[in-house]
Amino acid sequence: MTAGPAAEATLTQPPARRRVIVQLLRNPQGALCLAFLLLVVVVAATSPWLAPTGPTTTQLSASNAPPFTGGHLLGGDSAGRDILSRLMWGSRQTVMACLIILGVSVVVGVASGLVAGFYRGRFETAAGFASDVVMALPGIVLLIALYALTGPNIPVAMTVFGLLIAPTYYRLVRNVVLGVRNELYVDAARVAGLADLRIVGRHVLWAVRAPVIIQSSFVLAAGIGIEAGVSFLGLGDPATASWGTVLQNSFDGIYNNRWGVLWPALAISLTILALILLGNALSDVLQSSARSRTLTPRARRAALAAAQQEDAGRRSAPAGSPDDIVLSVRALRIAYPSADGEIREVVHGVDLDVRRGEIHGLVGESGSGKSQIAFATLGILPREALILGGSVLLDGEDLLADESKMRAARGRRIAYVPQEPMSNLDPSFTIGKQLSYGLRAVTSLDAGEAREQLVGLLDRVGIKDPERVMELYPHEISGGMAQRVLICGAVASGADLIVADEPTTALDVTVQAEVLELLRELSRDRGLAMILVTHNLGVVADLCSTVSVMKEGHIVERADVETIFEAPQQAYTQELLSSSRSVELMEI
Amino acid sequence: MTQPTNATRPTDKNPPRTTSTRPAHPASAADSQQELLRVRDLVVRFPGRRGRSTTVIDGVTFDLAARETLSLVGESGSGKTTIGRAILGLAPVTEGTITFCGETISNISRAARRRVARDVQVVFQDPYSSLNPAMTVGDILVEPLAAAGVEGGRARIRELLDAVGLPADAATRYSREFSGGQRQRVAIARALALDPAVIVCDEPTSALDVTTQARVLRLLKDIQQSTGVAYLFISHDLGVVNSISDRIAVLHRGRIVEVGDAHQVSTAPRHDYTRRLQMAAPVADPKKQRERRELRAALLSAAEEEADAPPMAQH
């Protein structure tokens, strides 16, 4: 069995993986909230032993006692009951109410959401209707009406509230499942012969885990508010202590004991606050996709200074004869911070000149840094990227040094044709709107002129019936047409240079041939310069006049297209060529 | 519906696995000619808006023999992927039949489909979304084994990883830690896990760059040689297809326009559409590519003239 060469068989070091709980504890906000909530639960569990008195023990001397008197830390209420003890006992009811709400709403909401999202059909219609109806019901009013039926019964009231809040889980879970059920890995699991229950358990449930956990902390916060509110309105059992009843009692006696209201109010608001902040911390931990991190300004400056010191020794070659060069990249160095805090350089001092009318191919495998150069010339590198040095010169002016010059050049002088045509069109606007918006942003045309010019250009890029296509939305056109639309947008402003990042990789060969033909014609007719980033040597042979071969952030070979294909000097270029020729038709 | 009778399955598995309930069979010359998969008059329609339906596949018939690689080629929208999905039970079969070793596998119950899983597997196009990012490679590979009730999973996983050229410690890593080519190797290992007779390869290399593409194609060939698996290979690139196929079927608008020996179809195509497809694939040689480009332009203008000639043709 032939394994791939070392490059493919060896694995990179795995990024540090930490468990969610560890990450949460390292987040100060998460740790603090978690500690506070743990305290509430511990107090609730141990109050029969820890509380100074029972929940209903009255002591006449303590009635309306201010805080810190006679062994009553938080004072006493109008009936002479110790407020601290009542709050401690009351936390039992709060915790129980929370557990009921959470249990009922998660079981009902998540289960129905999973079934509706995975199987759809009639169940989804019925469940969707039911959830709409339930969400329209006013919760508190319903709970008050329920009181007439059940009397003061917090568990029943909380169960009903759990049912009322279940639709939030239902909607959340259903939407996530709808997305996941179309994932190829779910199809693969089906083909592998997994039963539906297993697919849901293994693949679908994992996807809904994070949003459900985050939602839960917000539901718990709402639950505490509802439980306290219901008790405060007097719908709870007056015989048992709860934060709501303590608040109500203290509120009734507010003229006799001003401090009494503070304690239950604090307990309720702090717990709700802790839950909501915990929810935010959880969503930071669970939903962050942060593999690479943005550097702090200080680390950024340090890295730049170090790079400049390195650069001081060497001088890059001066640009060639300036008159016909459109764009000149000099000693460009790009780096990314990696997960372990190191700075990893992905482009090591690259020089690149593009002349008028030249189509310059930038070839290499994925990870060779070819797209990074393209993005740098457009000033659209990701935020965490670090330009360690070098310049991008347009008419002798360094675009990297001056953000405003870059902004002035981008879209006007330098245009971009992306790899994925579909994801580069906004699905909520028609083709015509997007094109004229882009064109009018960089020119002084009015709407009518812009439209007229664009219709002409759409016709030029080979779109039949351009007037009709202007009124279509992106989902109504094919991938090949979308790429033509984007090319039209790129040339509309009269740019001198087009940066095309794998412009045909997402297209099939037939459409690819047509798009390549179009790019060739545009370059010839308008004297356009082009940087074509691709891994496909067939495309290079078809379109390019000059080729730069990239490997691991260096340009290893550069020559005109005939020389590269007929007499490649570097072993790497030869390897690329032989791989390419092994999978193509050489016969004519 | 009965389970496909495995006794008729022509496979030779190097060392017969004791864990398998299936008897291993030595291959013979006669066996290799036997057809495994038979698709007859396949029609797939998807319901559209306002009661109108779109016919994606319009009467497609072909056979796939053991140890054979049959490729389906066509441009996007030609229905090639849908045929693969219909065979895998992921797309509805409106008319026609698909049989595997004589047993119908189109429109069967979910339970019956799960039994087919042992014999018909898949490698999808996109190695990024076809592997669950939350699972380790080991868990991904053990999944089909567990579903089929095969024991001794861990040893089998080492065997599979070795077969696709990945180190044994890959099993404990998450798929997101791998490159595109490595992920596709994992997907191939998953397809191989149950020793299938047929693997549907749905553009397995089109998301990969050229060096990786060549390596993955070589791996697929090597696997075929050692396990005797048959491939239904789906691609839009006649070049890729030519390097791996025994036979090629060219698909255009849901119909097969040409089918034949791989060499013949890719070098001396009979149908005009195949000719255009052939000329569309660029070659890594500027001079030859220029000639091909001119040939393609000539073909296209000829086709246009033809279309223009009878004024009734357009509607």
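The written sequence of each chain sets the order in which its residues are numbered from 1. For naming, the first written chain is A and the first written ligand is 1, with later ones following in the order written. Given that this is a predicted model, residues contribute local features only at a pLDDT of at least 70 and side-chain atom pairs are listed and counted only at 80 or more, while totals for whole chains, interfaces and linings are drawn from all residues.

Looking at an unreviewed UniProt entry, chain A carries the name ABC transporter, with the source organism given as Streptomyces dysideae.

Q: Explain the overall build of chain A here, please?
A: The secondary structure listing takes helices from DSSP runs of H or I that are at least 4 residues long and strands from runs of E that are at least 2 residues long, numbered from the N terminus. When you go through chain A residue by residue, the secondary structure sums to 22 helices and 10 strands. Against the globule reference of 25 Å for 588 residues, chain A gives a C-alpha radius of gyration of 33 Å, more extended than a compact globule. Principal-axis analysis of the C-alpha atoms places the extent of chain A at approximately 100 × 65 × 60 Å. For every residue, the other C-beta atoms within 10 Å of its own C-beta are counted; 20 or more classify it as buried, 12 or fewer as exposed, and values in between as partly exposed. C-beta atoms are placed from the backbone. For chain A, the residues scored as buried account for 43% of the 588 residues in total. The quantity called the radius of gyration is restricted to C-alpha atoms. Its globule counterpart is 2.2 Å times the number of residues to the power 0.38.

Q: Teacher, can you tell me more about the interface of chain B and chain A here?
A: In many analyses, interface size is given as the accessible surface area lost on bringing the parts together. We call two residues in contact if the C-beta atoms placed from their backbones are at most 7 Å apart. Listed per partner, the contact involves 67 residues of chain B and 54 residues of chain A. Among the elements of the structure, β6 (120–123), α3 (137–147), α5 (180–192), α6 (210–227), α7 (238–244), α8 (262–267), α9 (272–280) and α10 (286–308) of chain B are those that each provide at least two residues to the side of chain B that touches chain A. The residue classification treats Ala, Val, Leu, Ile, Met, Phe, Trp, Tyr, Cys and Pro as nonpolar and Asp, Glu, Lys and Arg as charged. All others, Gly included, are polar. Partitioning the side of chain B that touches chain A into residue classes produces 27 nonpolar, 20 polar and 20 charged.

Q: Explanation requested: helix α18 (residues 479–492) of chain A in the structure shown.
A: Note on helix geometry: an α-helix contains 3.6 residues per turn, so any two residues three or four positions apart are oriented the same way. Residues and elements named next belong to chain A. One less than the residue count of a helix, multiplied by 1.5 Å, gives the span that helix is expected to have. The terminal C-alpha atoms of α18 lie 20 Å apart, and with 14 residues this matches the ideal 20 Å at 1.5 Å per residue to within 8%. Taken across its 14 residues, α18 has 13 buried, putting it largely inside the fold. Following α18 by one or two positions, glycine 494 adopts a phi angle in the positive range, close to 75 degrees.

Q: Looking at this structure, I do not really get the pairing of strand β10 (residues 255–261) of chain B. What am I missing?
A: Successive residues of a regular strand alternate their side chains across the two faces of the sheet. All names here are of chain B. At least two DSSP bridges between two strands are required for those strands to pair. Relative to β10, strand β9 (residues 247–252) is paired through six bridges, and the arrangement is antiparallel. The residue of β10 that forms the bridge with isoleucine 248 is glycine 260. Counting the residues in the hairpin turn of β9 and β10 gives two residues, including arginine 253, whose phi is positive at 50 degrees.

Q: It is not clear to me how the domain arrangement of chain A should be interpreted in this structure. Could you clarify?
A: The domain architecture assigned to chain A consists of domain 1 (39–51 + 76–287) and domain 2 (303–313 + 321–413 + 495–582). The domain boundaries here were taken from an automatic or database domain assignment. For domain 1 of chain A versus domain 2 of chain A, the separation of C-alpha centres amounts to 55 Å.

Q: Mind showing me how you'd approach the UniProt feature "transmembrane region" (unreviewed entry) in chain A here?
A: Residue and element names in this part refer to chain A. UniProt positions are given in the numbering used here, feature names are shortened, and annotations may be inferred rather than shown by experiment. Mapped onto this structure's residue numbering, the UniProt feature "transmembrane region" (unreviewed entry) falls at residues 31–51, 94–119, 126–148, 154–172, 212–235 and 261–283. Annotated as 100% helix and 0% strand, the span residues 94–119 places its first and last C-alpha atoms 37 Å apart. Helix makes up 91% of residues 126–148 and strand 0%, and the two end C-alpha atoms of the span are 30 Å apart.

Q: Looking at this structure, I do not really get the pairing of strand β2 (residues 53–65) of chain B. What am I missing?
A: Residue and element names in this part refer to chain B. Here 10 bridges tie strand β1 (residues 35–47) to β2, and the two strands are oriented antiparallel to one another. Its bridge partner being in β2, glutamate 35 is matched across the sheet by alanine 65. Counted along the chain from β1 to the antiparallel partner β2, the turn is five residues long, and its residue arginine 50 has a positive phi close to 50 degrees.

Q: Would you mind showing me how to read helix α6 (residues 139–150) of chain A here?
A: Helix length check: α6 of chain A (12 residues) gives 16 Å between terminal C-alpha atoms against 16 Å at 1.5 Å per residue, within 8%. Positive backbone phi, at 75 degrees, marks glycine 151 of chain A, one or two positions downstream of α6 of chain A.

Q: Explanation requested: the nonpolar core in the structure shown.
A: As a rule of thumb, nonpolar side chains are buried together in soluble globular proteins. In terms of nonpolar packing, the biggest core is built from 240 residues, with Ile498 of chain A together with Val198 and Leu232 of chain B touching the most fellow members. With 14 residues, the top contributor of residues to this core is helix α4 (residues 83–119) of chain A. Taken together, domain 1 (39–51 + 76–287) and domain 2 (303–313 + 321–413 + 495–582) of chain A each give at least three residues to this core, which thus spans both. Excluding residues within four positions of it along the chain, valine 198 of chain B makes contact with Leu36, Leu37, Leu64, Asp119, Val120, Ala230 and Leu232 of chain B. Any nonpolar core is a set of buried residues, restricted to Ala, Val, Leu, Ile, Met, Phe, Trp, Tyr and Cys, that join up through C-beta atoms within 7 Å.

Q: Sorry, what's going on with the packing of α18 of chain A against helix α19 (residues 509–526) of chain A here?
A: Residues and elements named next belong to chain A. For helices, the fitted line uses only the C-alpha atoms of the stretch in contact; every axis is such a line through C-alpha atoms, and the angle between N-to-C directions lies from 0 to 180 degrees. Where α18 meets α19, the axes come as close as 10 Å, and the angle between the chain directions of the two elements is 15 degrees. Considered as vectors, α18 and α19 are oriented roughly parallel to each other. Judged by the sense of rotation from one axis to the other, the crossing of α18 with α19 is right-handed. Here α18 contributes Gly480, Gln483, Arg484, Ile487 and Val491 to the contact with α19, which in turn contributes Val511, Glu514, Val515, Leu518, Leu522 and Arg526. Residues of the contact of α18 with α19, tallied by class, amount to six nonpolar, two polar and three charged. By definition in this entry, angles of less than 35 degrees are roughly parallel, angles greater than 145 are roughly antiparallel, angles of 65 to 115 are roughly perpendicular, and the rest are oblique. Handedness of a helix crossing follows the sense of rotation of the near helix relative to the far helix, less than a right angle counterclockwise being left-handed and clockwise being right-handed.

Q: Is there a simple way to explain the sheet that holds β6 of chain B in this structure?
A: Sheets are built from strands paired through backbone hydrogen bonds, the pairs being either parallel or antiparallel. Residue and element names in this part refer to chain B. Strand order in the open sheet made by the six strands is β6-β7-β8-β3-β9-β10, with mixed pairing throughout. In the strand order of this sheet, the two ends are held by β6 and β10, each with one partner. Strand-to-strand twist across the sheet, computed as the mean angle between neighbouring axes with direction ignored, equals 20 degrees. Summarising the sheet, strand β7 (residues 198–202) and strand β8 (residues 230–235) pair through five bridges and their orientation is parallel. Bridge pairing in β8 links valine 198 to alanine 230.

Q: Just checking my understanding: could you explain the environment of leucine 70 of chain B for this structure?
A: Residues and elements named next belong to chain B. Tracing the sequence through the fold places leucine 70 in strand β3 (residues 69–73). Taking the number of C-beta atoms within 10 Å as the measure of exposure, leucine 70 has 23 and is therefore buried. When the C-alpha positions of leucine 70 and valine 200 are compared, they lie 9.8 Å apart, and in sequence the two are 130 residues distant. Apart from the residues within four sequence positions on either side, leucine 70 is in contact with Phe62, Leu64, Leu232, Ser245, Asp246, Arg247 and Ala249.

Q: In this structure, what is going on with the sheet that holds strand β5 (residues 397–398) of chain A? I would like to understand it.
A: All names here are of chain A. Within the open sheet, the four strands sit side by side as β2-β1-β4-β5. Their pairing is antiparallel. Looking at the sheet topology across the chains shown, the edges are occupied by β2 (343–355) and β5. Sheet analysis places strand β1 (residues 325–337) next to β2, joined by 10 bridges and oriented antiparallel. Across the sheet, residue leucine 327 finds its bridge partner in β2, namely valine 354. This element, helix α13 (residues 370–378), spans β1, β2 and β4 (386–394) of the sheet and lies at about 115 degrees to β1.

Q: What am I meant to see in the confidence of the model for chain B here?
A: If pLDDT is low for a region, its predicted coordinates should not be looked at in detail. All names here are of chain B. Predicted confidence across chain B gives a mean pLDDT of 83, with 87% of residues reaching 70 or more. Low confidence marks residues 1–32, where pLDDT is under 50. Its contacts with residues over four positions away, or in another chain, come to 47 contacts. Here residues 311–315 scores under 50 on pLDDT; set against residues more than four positions off or in separate chains, the count is one contact. Across the whole predicted complex the pTM is 0.80, and at the interface the ipTM reaches 0.82. Confidence per residue, as judged by the predictor, is encoded in pLDDT with a range of 0 to 100.

Q: Looking at this model, I keep getting lost on the environment of aspartate 237 of chain B. Mind explaining?
A: As for its position among the elements, aspartate 237 of chain B is in the loop between β8 and α7. Overall, the presence of 25 C-beta atoms within 10 Å leaves aspartate 237 of chain B in the buried class. Expressed as a C-alpha distance, the spacing of aspartate 237 of chain B and valine 73 of chain B, which sit 164 residues apart in the sequence, is 7.0 Å. Sequence-distant contacts of aspartate 237 of chain B, defined by excluding residues within four places in its chain, comprise Val509 of chain A together with Ala281 of chain B.

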